[in-house]
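Spelled out from the first residue to the last, the chains are:
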Amino acid sequence: MLWRGGLERLILRSAEAKGSDIIRTAHRFFSNGLVPKEGFLEKVTDLRLPHEWFPVARSIKRRVTLHVGPTNSGKTYAALQRLREAATGVYCGPLRLLAWETADRLNASGVPCNTITGQEKRHVEKAHHTAMTIEMADTAQKYDAAVVDEIQMMASPDRGFAFTRALLGLATPELHVCGDPAAVPLVEQFCRETGDELQVKHYERLSPLKSSRQALGSLMEVRAGDCIIAFSRTQIYNIKKEIETKTRHRCCVVYGSLPQETRSRQAALFNDEDSGYDVLVASDAVGMGLNLNIRRIIFSSIYKFDGFERRMLTSSEAKQIAGRAGRFASQYPEGEVTCLEPRDLGALKYLLKQPPETITEAGLFPTFDQLQLFATRRPNWSLNRILENFAVSARLSPAFFLQDCSDMVETSRHLGDLPLPLADMYIFAISPVKSDDPASMGALYKFAQEHLAAGKVRMKRVLNAGTMKVPKTQNALSELESLHNILSLYIWLSYRLPESFDERETAEEQKGLCEMLIEQGLKVVGTPVMRKAKTRRMIPVASEQQLP
Ligand SMILES: Nc1ncnc2c1ncn2[C@@H]1O[C@H](COP(=O)(O)OP(=O)(O)OP(=O)(O)O)[C@@H](O)[C@H]1O
Ligand SMILES: [Mg+2]
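This text gives an overview of the structure that appears in the document. (Residues numbered from 1 in each chain as written. Chains lettered and ligands numbered in written order. Predicted model: local features only at pLDDT ≥ 70, side-chain atom pairs only at ≥ 80, totals over all residues. Heavy atoms only, no water.)

1. So, the site of ligand 1
1) Next: Near ligand 1 there are 16 residues, and of these Asn 72, Lys 75, Thr 76, Tyr 77 and Arg 105 occur at the shortest range.
2) Next: Backbone polar atom of Gly 74 to an oxygen atom of ligand 1: 3.0 Å apart, as the coordinates give it.
3) Next: Alone, ligand 1 offers 630 Å² of accessible surface; in the complex the protein occludes 83% of this.
4) Next: Of all the cavities here, the one that holds ligand 1 is the second largest pocket.
5) Next: The element contributing the most residues to the shell around ligand 1 is helix α5 (residues 75-85), with 3 residues. (Near = heavy atom within 4 Å. Polar contact = N/O pair within 3.5 Å; in protein donor to acceptor, adjacent residues only side chain to side chain. Areas by Shrake-Rupley, 256 points an atom, 1.4 Å probe, with all protein chains shown as cover. 1 Å grid on protein atoms, 1.4 Å probe; cavity = no way out; pocket = protein on both sides within 12 Å on 5 of 7 lines; lining within 4 Å. Sits in = over half its atoms within 2 Å of the grid points. Helix = DSSP H or I, 4+ residues; strand = E, 2+ residues; numbered from the N terminus.)

In structure tokens:
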């Protein structure tokens, strides 16, 4: 009995970095019919000391530099300067676009840098540096220096945990953390708990950003270098159409459901002075850390639908977006911000003037190992039931909140009748499926079904060959975006379940074709004159009836 207690302590201490073997041992131990000791589950759901989950980081004396200031104040630049000088290093940021931008910058400055995101891995010869999306951060790997960007995202209800995990868990003697001053007290508290040495550096905006005295009033008034912000796809295309019909300007677009690669190319087209595209119409997908050649930000509205309700932007969101104008060292030395409608001007100015609100809680989420241990006494429970019950039992210290896992719960419910092993179900549940897109959810179900039944997921069994053409309407474009989504999902799964999802190359080819068609479509969707569309072979999603 004594050694079992010791084993439990070991499991809890080592859960993150080197725990999986121990957890497996524990599983064998418990699954042999031995019932865990009283109080064991209370320990598993005790999340009050998350810094203890990262023994590799705790074994290093870390010096943390917190770079804080308003947007465009050179925080990320300063952190990347230090990263460049380190022999090995990692950059962890909130967006794929930002990971790519950072890797491109490092590569261009002679520091070979890989890129890793959930859906892609680009290896560069002789690279000892990697830029990645925060969810990919590896807490078992040691680095000479590491950067965590946009740390205020710790407070994000659905992604905060990835930032908390990177902050507490990156194993490096030199950690640079960038972000909003709102995060200072919490980072100070965490560094006291971890025993890390902390230095806070404050930055000032490098180039001025002024609020216009007047609203734009009409899209006829747009000028080169303007970026109009809108919060729905339809609005984005309506604005693009109006600008291209009524003025001589041509628009690039950037929004969430557009493929990442297309977004990057649209941003590059807009940044290129000679491309003929001089206006950007974008959602708040451009709102964080990115460096674009924007002279003026124009909010078409200061209200957005956030998935639950139509609400006013927060002060932090408005500032992040406004901060894209007049980036230092860009074509425009001074930025300007305004709105389209005169009625929004007062509220916008108010939002931009608000002092940053201090963050008081960071997101936290149990590791898979912890969930698995929690499930040892309930072998028949589904993942959604485990998650819901874990959430009820979890104990956290006041500096943390438990991450919103409603998407995971919904996805595992959706796959509920498939008797997948817990580990596989977990992978499907955290996959980047669009839960509001029935085609994407349908494809995930078929992927899981094939994986379970055959151990091989042949794309042609789930997707059916057909003819695809350049989309001429918003609906056709939306269908193509959805297909792109499904192919991205296959690729994402191929990195986690490579034996079943072994057609990554084909999926990447099809995804590339999809991107090309979408990009051609962007030239015509929203513009008044339709060109003759070209036709290409593509694979649209099969309907239920077409499946064997
Ligand atoms: N000392 C510098 N020398 C040259 N360029 C600089 C310097 N500092 C910053 N820049 C450039 O200014 C721009 C803004 O800097 P950076 O991206 O670091 O700002 P930031 O404070 O991180 O902004 P955000 O909060 O929006 O992420 C970048 O293009 C960066 O390369
Ligand atoms: Mg930055």
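Having seen the model, we can carry on.
2. Things to note about the layout of surface pockets
1) Next: The calculated volume of the second largest pocket comes to roughly 930 Å³.
2) Next: What lines the second largest pocket is a set of 43 residues, among which Pro 70, Thr 71, Asn 72, Ser 73 and Arg 327 lie closest to the centre.
3) Next: Put simply, the parts of the chain that give the lining of the second largest pocket at least two residues each are α5, α6 (96-108), β9 (209-211), α11 (315-322) and α12 (345-353).
4) Next: Tallied by class, the residues present in the lining of the second largest pocket amount to 15 nonpolar, 17 polar and 11 charged.
5) Next: A domain split of the lining of the second largest pocket shows at least three residues from each of domain 1 (57-202) and domain 2 (212-353). (Points joined across faces, edges and corners; volume = space filled by probe spheres on them. Nonpolar A, V, L, I, M, F, W, Y, C, P; charged D, E, K, R; others polar. Domains from an automatic or database assignment.)

3. Quick notes on the packing of aromatic side chains
1) Next: Applying the stated rule across the entire model yields 9 aromatic pairs.
2) Next: Centroid distance Phe 368 to Tyr 426: 4.8 Å. Interplanar angle 50 degrees. Geometry classified as tilted. Placement of Phe 368 in helix α13 (residues 368-374) and of Tyr 426 in helix α16 (residues 422-430) is noted, with a sequence separation of 58 residues between them. Summarising the burial analysis for this pair, Phe 368 and Tyr 426 share the class buried.
3) Next: In textbook terms, an aromatic cluster arises when at least three aromatic residues are bridged by ring pairs, as seen for Phe 428, Phe 447, Tyr 490 and Phe 501.
4) Next: Sitting over the ring of Phe 374, Arg 378 keeps its end group 4.7 Å from the ring centre.
5) Next: It is Arg 496 that lies over the ring of Trp 492; its NZ or CZ is 3.8 Å from the centre. (Phe/Tyr/Trp six-rings, centres within 6.5 Å; stacked < 30°, edge-to-face > 60°. Buried < 20%, exposed > 50% of the residue type's maximum accessible area, 1.4 Å probe, protein only. Lys NZ or Arg CZ within 6 Å of the ring centre and 35° of its normal.)

4. Thoughts on helix α7 (residues 160-169)
Owing to its 3.6 residues per turn, the α-helix aligns residues three or four sequence positions apart on the same side.
1) Next: In terms of residue burial, α7 counts as a mostly covered element, since 10 of its 10 residues are buried.
2) Next: For α7, every residue scored as buried is listed here: Gly 160, Phe 161, Ala 162, Phe 163, Thr 164, Arg 165, Ala 166, Leu 167, Leu 168 and Gly 169.
3) Next: The secondary structure elements touched by the buried residues of α7 are α4 (55-58), β6 (145-148), β7 (174-179), α8 (184-194), β17 (362-364) and β18 (400-402). (Contact = heavy atoms within 4.5 Å.)

5. A closer look at a negative patch on the surface
1) Next: A surface patch of like charges, here negative, comprises Asp 158, Asp 404, Asp 407, Glu 410 and Asp 436.
2) Next: Inspection of the secondary structure assignment puts Asp 158 in the loop between β6 and α7. (Patch = residues over 30% accessible without salt bridge, like charges linked within 9 Å, V, L, I, M, F, W, Y side chains within 5 Å. Salt bridge = Lys/Arg side-chain N within 4 Å of Asp/Glu carboxyl O. Lys, Arg positive; Asp, Glu negative; His and termini not counted. Charge placed at Lys NZ, Arg CZ, Asp CG, Glu CD.)

6. Re helix α10 (residues 260-271)
1) Next: With 12 residues, α10 ought to run about 16 Å at 1.5 Å a step, and its terminal C-alpha atoms sit 16 Å apart, in line with that.
2) Next: For α10, the set of buried residues is Gln 260, Glu 261, Thr 262, Arg 263, Gln 266, Ala 267 and Phe 270. (Expected span 1.5 Å × (residues − 1).)

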